[in-house]
Every structure is written in C-alpha cells, then in structure tokens.
Amino acid sequence: MAFPRVLPALPYSGGKRHCGISGIILGWMINLAIGFFSGWTTSITISSVLIAFIFSASIGVIFGIYPARKASLLHPIDALRHE
C-alpha cells in the first residue's frame, strides 16, 4: 500500500540526483587533490561508488518507509490524541 503513494512523489525528487552526481564529482576532485599534494596514489573505483550509492539508498528507503508504514497503521483520531 505504501508503494502507490510513493509513485506520485518521484518526479519531485528528481532534483536530488544532481546533488548525488555533484557529490561524486566533488569526492573525485578531493581525491585528486589529496593525491597531488601528498604524493600518494589514490583511486576511486566504480564498485566503491556503487556500494556507497546502494548503502545510502537503502538507508533512505528504510528510514523513509518504516515511519510511514508505522503511521499508516494508526487510526487517525488515536494518533492525534496521543501526540
């Protein structure tokens, strides 16, 4: 029941993708700067970017759906009474 309620909100969350892409680019630039100034050899692999994406997406889904699911099971009058 929660998934159909999420679908209409997806177009509004599209702007957040740019923040993720800019975060990846910023992390890559910091990686290059650290490697340049320290003389260390650094690298960012696709697998590390995918692992970070999957981890952050799963945290967002868990902490977004769990409270919504819990709230959807409450009776509205009782929820407001016990605020």
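Preceding block: the structure.
Residues numbered from 1 in each chain as written. Predicted model: local features only at pLDDT ≥ 70, side-chain atom pairs only at ≥ 80, totals over all residues. Heavy atoms only, no water.

Participant: If you had to explain the overall build of the chain to someone new, which residues and values would you point to?
Facilitator: Of the regular secondary structure elements, the chain holds 4 helices and 0 strands. For the chain, the sequential pattern of α-helices and β-strands runs α-α-α-α. In the chain, which comprises 83 residues, the share counted as buried stands at 4%. A total accessible area of about 7600 Å² is found for the chain, and carbon and sulfur atoms account for 75% of it. (Helix = DSSP H or I, 4+ residues; strand = E, 2+ residues; numbered from the N terminus. Buried < 20%, exposed > 50% of the residue type's maximum accessible area, 1.4 Å probe, protein only. Areas by Shrake-Rupley, 256 points an atom, 1.4 Å probe, with all protein chains shown as cover.)

Participant: Please give an account of the packing of aromatic side chains that cites residues and values.
Facilitator: Within this structure, the stated rule accounts for 1 aromatic pair. Taking the centre distance of 5.1 Å and the plane angle of 80° together, the rings of Phe-36 and Phe-37 count as edge-to-face. The exposed category is assigned to Phe-37, whose relative accessible area is 69%. (Phe/Tyr/Trp six-rings, centres within 6.5 Å; stacked < 30°, edge-to-face > 60°.)

Participant: Let's hear about a nonpolar patch on the surface: which residues, and what values?
Facilitator: On the surface, a cluster of nonpolar side chains totalling about 590 Å² of accessible area is made up of Ile-21, Ile-25, Trp-28, Met-29, Leu-32 and Ile-44. Relative to the helices and strands, Leu-32 resides in helix 2 (residues 16-38). For Leu-32, a relative accessible area of 44% puts it in the partly exposed group. (Patch = residues over 30% accessible without salt bridge, like charges linked within 9 Å, V, L, I, M, F, W, Y side chains within 5 Å. Salt bridge = Lys/Arg side-chain N within 4 Å of Asp/Glu carboxyl O.)

Note that every value here comes from positions in space, so none of it alone points to a role or purpose.
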